[in-house]
Amino acid sequence: MTMHAVADSRSDGFKEGFRAPPRAILIGMILFLAALGMLFAASVMAYVLIRLRPDERAPLDLPWLLWLSTGLIVASSVTLALALRSVRRERQRDLRVWVLATALLAIGFVLVQGPCLAIFLSEHERHLDAGLHVYGLAFFLVLLHALHVIGGLVAMGVVGWRSIRGRYDHEQHMGLRLLTMYWHFLDAVWLIMFGVFVVTA
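None of the values given here were measured: they were computed from a predicted structure.

Student: Looking at this structure, I do not really get the overall build of the chain. What am I missing?
Tutor: When helices and strands are counted, the chain shows six helices and zero strands. Principal axes of the C-alpha set define a box for the chain whose edges measure 60 × 30 × 20 Å. Long-range pairs, those at least 24 residues apart, make up 81% of the contacts in the chain between residues at least 6 apart in sequence. Within the chain, one finds 18 positive and 14 negative side-chain charges whose respective centroids are separated by 10 Å.

Student: Would you mind going over helix H2 (residues 22-51) with me for this structure?
Tutor: An α-helical turn contains 3.6 residues, so a residue and the one three or four places further along point in the same direction. Here H2 contains 30 residues, and its C-alpha end-to-end distance of 43 Å stays within 8% of the 44 Å for a straight helix at 1.5 Å per residue. Looking only at H2, the buried set comprises Ile25, Leu26, Met29, Leu33, Leu36, Phe40, Ser43, Val44, Tyr47 and Arg51.

Student: Hey, could you run me through the pattern of salt bridges in this one?
Tutor: Two side chains that carry opposite charge are able to pair once their charged atoms sit near each other. Per the stated rule, a full pass over the model turns up one salt bridge. Between Glu123 and Arg126 there is a salt bridge, with the nearest N and O atoms lying 2.7 Å from each other. Here Arg126 and Glu123 lie together in helix H4 (residues 92-127), a separation of three residues that amounts to about one turn. Overall, Arg126 belongs to the exposed group, its relative accessible area being 57%.

Student: Quick question: what am I supposed to make of the environment of Leu105 here?
Tutor: As for its placement among the helices and strands, Leu105 is situated in helix H4. On a C-alpha basis, the gap between Leu105 and Pro63 in space is 19 Å, while along the polypeptide they are 42 residues apart. When residues no more than four places from it in sequence are discounted, the contact partners of Leu105 are Leu72, Ala75, Ser76 and Thr79.

Student: Would you explain the environment of Trp67 in this entry?
Tutor: Within the secondary structure layout, Trp67 lies in helix H3 (residues 65-88). Residues contacting Trp67, with those up to four places away along its chain left out, are Phe194 and Val198.

Student: Looking at this model, I keep getting lost on helix H5 (residues 134-164). Mind explaining?
Tutor: When the terminal C-alpha atoms of H5 are compared, their 44 Å separation across 31 residues agrees well with the 45 Å that a helix rising 1.5 Å per residue should span. Immediately downstream of H5, the backbone of Gly166 shows phi near 75 degrees, a positive value.

Student: How do you make sense of the environment of Phe185 when you look at a structure like this?
Tutor: Its location among the elements puts Phe185 in helix H6 (residues 174-200). Along the chain, Phe185 and Leu33 lie 152 residues apart, while their C-alpha atoms are 7.4 Å from each other. Once residues lying within four places of it in the same chain are set aside, the contact partners of Phe185 are Leu33, Leu36, Gly37 and Phe40.

Student: Quick question: what am I supposed to make of the nonpolar core here?
Tutor: One broad trend across soluble globular proteins is that nonpolar side chains are buried collectively. In terms of nonpolar packing, the biggest core is built from 55 residues, with Leu176, Trp190 and Phe197 touching the most fellow members. Counting residues per element, the ones that place at least two in this core are H2, H3, H4, H5 and H6. Here this core takes 14 residues from H6, the largest share from any one element. If we skip the residues at most four places from it in the chain, Phe197 touches Tyr47, Leu60, Leu62, Ala138, Leu141 and Val142.

Student: Mind showing me how you'd approach the side chain of His148 here?
Tutor: Of note, His148 is situated in helix H5. Excluding residues that lie within four positions of it along the chain, His148 makes contacts with Leu36, Leu39, Phe40, Tyr182 and Leu186.

Student: What is the right way to look at the packing of H5 against H6 in this model?
Tutor: Helix-helix packing is described using two parameters, namely the angle between the two axes and the distance between the axes. Two elements in contact, H5 and H6, have axes whose closest approach is 10 Å; the angle formed by their N-to-C orientations is 165 degrees. The pairing of H5 with H6 is recorded here as roughly antiparallel in orientation. Handedness of the H5/H6 crossing: left-handed. Within the contact between the two elements, H5 uses Ala138, Leu141, Val142, His145, His148, Val149, Gly152, Leu153, Ala155, Met156 and Val159 and H6 uses Gly175, Leu176, Leu179, Tyr182, Trp183, Leu186, Val189, Trp190, Met193 and Phe197.

What counts and what doesn't
Residues numbered from 1 in each chain as written. Predicted model: local features only at pLDDT ≥ 70, side-chain atom pairs only at ≥ 80, totals over all residues. Heavy atoms only, no water. Helix = DSSP H or I, 4+ residues; strand = E, 2+ residues; numbered from the N terminus. Contact = heavy atoms within 4.5 Å. Lys, Arg positive; Asp, Glu negative; His and termini not counted. Charge placed at Lys NZ, Arg CZ, Asp CG, Glu CD. Expected span 1.5 Å × (residues − 1). Buried < 20%, exposed > 50% of the residue type's maximum accessible area, 1.4 Å probe, protein only. Salt bridge = Lys/Arg side-chain N within 4 Å of Asp/Glu carboxyl O. Core = buried A, V, L, I, M, F, W, Y, C linked by side-chain atoms within 4.5 Å. Axes fitted to C-alpha atoms, helices over the stretch in contact; angles between N-to-C directions. Parallel < 35°, antiparallel > 145°, perpendicular 65-115°, else oblique. Left-handed = near helix turned anticlockwise from the far one by under 90°.

Dropping the structure here:
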């Protein structure tokens, strides 16, 4: 599934010739999210198993900025859901406003994650001689998630551009729908990941 296919509400396949049915596109996205979910599930499970080792049970000091980033990504899921509701009700101006709001919140999330990653990396290097790897593991999980958020921002930019050009309406908005599915998935992954950090801290 290409970025063009995800973002283009008016082409469920090629503009001429074969056109993939919307159901097939949705199934493709579900399979993609399932595979991605397995990646994150395996990564989080590995973190938990390593964290349970006696030599890895030292306290994990979570940067307070992680709480802020959690609020930002939850808010971005809400605004993107509002964008989807707006296009289904043919509220084009509201659609553009909510997509823009989502993009700003997502950018804020990524910017906040930067200092958190720097803190985790610094703590990892400081505790490395003691054989403590929990900060390095946290760094990897946060970075893995942030990279997928950045990928989502690229698709969001395409969706935003197409919304400005009036390419979406209540019947044709597959790109926005797929983006919303992907974004809610990233939101859920972050909440689970952050919850694991808090519980095992």
